[in-house]
Amino acid sequence: MTTTGLRADLVMEGGGVKGIAFIGALGVLSDAGSTFPRIAGTSAGAITGSLVAALQHAGEPADRLPELAASLDYARVPDSSRFGRALGPARGLANLVSLAVHGGLHEGRYLREWLMGVLADLGVRTFGDLRRTDAGSALPPEREYALVVVASDLTNHRMALLPWDFERYGLDPDEQSVADAVCASAAVPFVFRPMRLAMPPRGAVSLVDGGLLSNYPIGVFDHADRSAARWPTVGMRLSAREDEPSVTRPVNGLFGVTRALVTTALHGIDRRHIDEPDTIARTLFIDTAGTSALDFDIAPAQTEALIDSGREAARRFLETKAPSLWPGL
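Here is what the cut-offs are and how they apply
Residues numbered from 1 in each chain as written. Predicted model: local features only at pLDDT ≥ 70, side-chain atom pairs only at ≥ 80, totals over all residues. Heavy atoms only, no water. Helix = DSSP H or I, 4+ residues; strand = E, 2+ residues; numbered from the N terminus. Buried < 20%, exposed > 50% of the residue type's maximum accessible area, 1.4 Å probe, protein only. Contact = heavy atoms within 4.5 Å. Areas by Shrake-Rupley, 256 points an atom, 1.4 Å probe, with all protein chains shown as cover. Axes fitted to C-alpha atoms, helices over the stretch in contact; angles between N-to-C directions. Parallel < 35°, antiparallel > 145°, perpendicular 65-115°, else oblique. Left-handed = near helix turned anticlockwise from the far one by under 90°. Nonpolar A, V, L, I, M, F, W, Y, C, P; charged D, E, K, R; others polar. Pairing = 2+ DSSP bridges. Right-handed = clockwise from strand over helix to strand, strands pointing away. 1 Å grid on protein atoms, 1.4 Å probe; cavity = no way out; pocket = protein on both sides within 12 Å on 5 of 7 lines; lining within 4 Å. Points joined across faces, edges and corners; volume = space filled by probe spheres on them. Patch = residues over 30% accessible without salt bridge, like charges linked within 9 Å, V, L, I, M, F, W, Y side chains within 5 Å. Salt bridge = Lys/Arg side-chain N within 4 Å of Asp/Glu carboxyl O. Lys, Arg positive; Asp, Glu negative; His and termini not counted. Charge placed at Lys NZ, Arg CZ, Asp CG, Glu CD. Phe/Tyr/Trp six-rings, centres within 6.5 Å; stacked < 30°, edge-to-face > 60°. pLDDT = per-residue confidence, 0-100.

### Here we look at the overall build of the protein chain
Counting its regular elements, the protein chain contains eleven helices and ten strands. A burial count over the protein chain gives 50% of its 329 residues as buried. Within the protein chain, counting contacts between residues at least 6 apart in sequence, those at least 24 apart form 74% of the total. Just so you have it, the protein chain exposes about 15,500 Å², and 55% of that area is on carbon and sulfur atoms.

### Regarding the packing of helix α6 (residues 109–121) against helix α7 (residues 178–185)
For any two helices packed against each other, one specifies the inter-axial angle together with the distance between the axes. Packing of α6 against α7 brings their axes to within 9 Å, and their N-to-C directions diverge by 140°. Overall, the two elements α6 and α7 adopt an arrangement that is oblique. The hand of the α6/α7 crossing is right-handed. Contacts from Leu111, Arg112, Leu115, Met116 and Leu119 in α6 reach Val178, Ala179, Asp180, Val182 and Cys183 in α7. For the contact of α6 with α7, the class distribution of residues is eight nonpolar, no polar and two charged.

### Topic: the pairing of strand β2 (residues 39–42)
Residues Ile39 and Gly41 point to one face of β2 and Ala40 and Thr42 to the other, with burial holding for every one of them. By the bridge criterion, three bridges tie strand β1 (residues 9–12) to β2 in an arrangement that is parallel. Following the sheet pairing, Met12 is matched in β2 by Gly41. Each parallel crossover has a hand, and the one from β1 via helix α1 (residues 21–31) to β2 is right-handed. Relative to strand β4 (residues 147–153), β2 runs parallel, the two being bridged by four bridges. When the bridges of β4 are listed, Ile39 appears paired with Leu147.

### What about the layout of surface pockets?
In this structure, the second largest pocket spans a volume of roughly 530 Å³. In terms of lining, the second largest pocket is formed by 33 residues, of which the most central are Ile23, Gly24, Leu65, Pro66 and Ala69. Breaking the lining of the second largest pocket down by element, the ones donating at least two residues are α1, α2 (44–58), α3 (65–70) and α10 (300–320). Residue contributions to the lining of the second largest pocket peak at seven residues, all from α1. When its residues are assigned to classes, the lining of the second largest pocket shows 21 nonpolar, seven polar and five charged.

### Side note on a negative patch on the surface
Taken together, Glu142, Glu167, Asp172 and Glu175 make up a surface patch of like negative charges. Checked against the element boundaries, Glu142 lands in the loop between α6 and β4. Given a relative accessible area of 43%, Glu142 falls into the partly exposed group.

### Points about the packing of aromatic side chains
All told, the structure shown has four aromatic pairs when counted by the stated rule. Pairing Trp164 with Phe221 gives two aromatic rings, centres 6.2 Å apart and planes at 75°, and the pair type is edge-to-face. Placement of the pair is Trp164 in the loop between β5 (158–162) and α7 and Phe221 in the loop between β8 (203–209) and β9 (233–237), with a sequence separation of 57 residues. With relative accessibility at 9%, the residue Trp164 sits in the buried group. Exposure remark for Phe221: the relative accessible area of 5% places this residue in the buried category. Both rings, one in Phe192 and one in Phe296, keep their centres 6.2 Å apart while their planes meet at 80°; by these two values the pair is edge-to-face.

### A short note on α1
Counting buried positions over the eleven residues of α1 gives eight, a clear majority of the element. Of the residues making up α1, those classed as buried are Ala21, Phe22, Ile23, Gly24, Ala25, Leu26, Val28 and Leu29. On its buried face, α1 is in contact with β1, α2, α3, β9, β10 (283–285) and α10. Immediately beyond the C-terminal end of α1, within one or two residues, lies Gly33, with a positive phi of roughly 90°.

### Some thoughts on unusual backbone geometry
Residues Leu162 and Pro163 are joined by a peptide bond in cis, for which omega reads 15°. In this structure, Ser43 takes a positive phi of about 55° despite not being glycine. Following the sequence through the fold, Ser43 ends up in the loop between β2 and α2. Residue classification places Ser43 among the buried residues on the basis of a relative accessible area of 6%. The phi angle at His157 is positive, at roughly 55°, despite the residue not being glycine. Counting through the fold element by element, His157 comes out in the loop between β4 and β5.

### Concerning the confidence of the model for the protein chain
Averaged over every residue, the pLDDT of the protein chain is 85; residues scoring 70 or more account for 81%. Averaged pLDDT values over the elements of the protein chain bottom out at 44 in helix α4 (residues 82–87) and peak at 98 in β1. Across residues 97–101, where pLDDT falls below 50, the model places eight contacts with residues more than four positions away in sequence or in other chains.

Written as structure tokens, this is what we have:
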């Protein structure tokens, strides 16, 4: 199938390490001439989305995405505290102290510093760098940014769409760090410490993984009159649909119930709309079965398998769904 100039807003689901599959899918879409004026994502989707938005901001080719992603050392992402590293064999005890005192096993320092460096090299530090000017947009001017990330505000018990919601906290959206917002979206509860967002002089709020409230925010750019949209929204998912056997399993024992509770918290809110025909029609489903979202010791062979799965999903999407989204292909 030959395609060119496929413009779409892009929404990417959270999924931890499984987000590697986005690289393969985006490579195929980019080769087909796709561009993404606005990108939204949760957790892994926010990380990948920030890289794509920064590449587009810098006028860099999309085929640089694998190079950028490859510079992330996944084994270093679960970083114990400096105190824990000093303890060596007793690190486990320090991690438990970190969990009890700070609310997370790991600092998340390595991921934040890596992301800040990669984005800065592409000229992106604050959301002001990702502001858009689009006179024909249905979004109000204060929401015209190339990137939106989803986080969960534990302090106010609500979803935070950043940078859109920074004004709620009395902060200038254009001055806020893109890397900090993305890392907040990726701060898996209990695994990583919550991101503290300072609000002088009122204190701070604690932000964690946006997947608690919306792991797949497919409707974030929609407006009431969908038929008047100048281009479609395309979504990418890393998990099976609700009616597929791979998401159903018996729930037994303490571990099983705990796992089911976490999975329900991350995915349950989105489930109802995921199987709606309109959502399915604009969603690219990537098979990531067999990979854990927190498998930071992922083997090279599994990494390649995820990328290949993303490529295959994108090819299938272009063949079966793209013609209805972009009439005239």
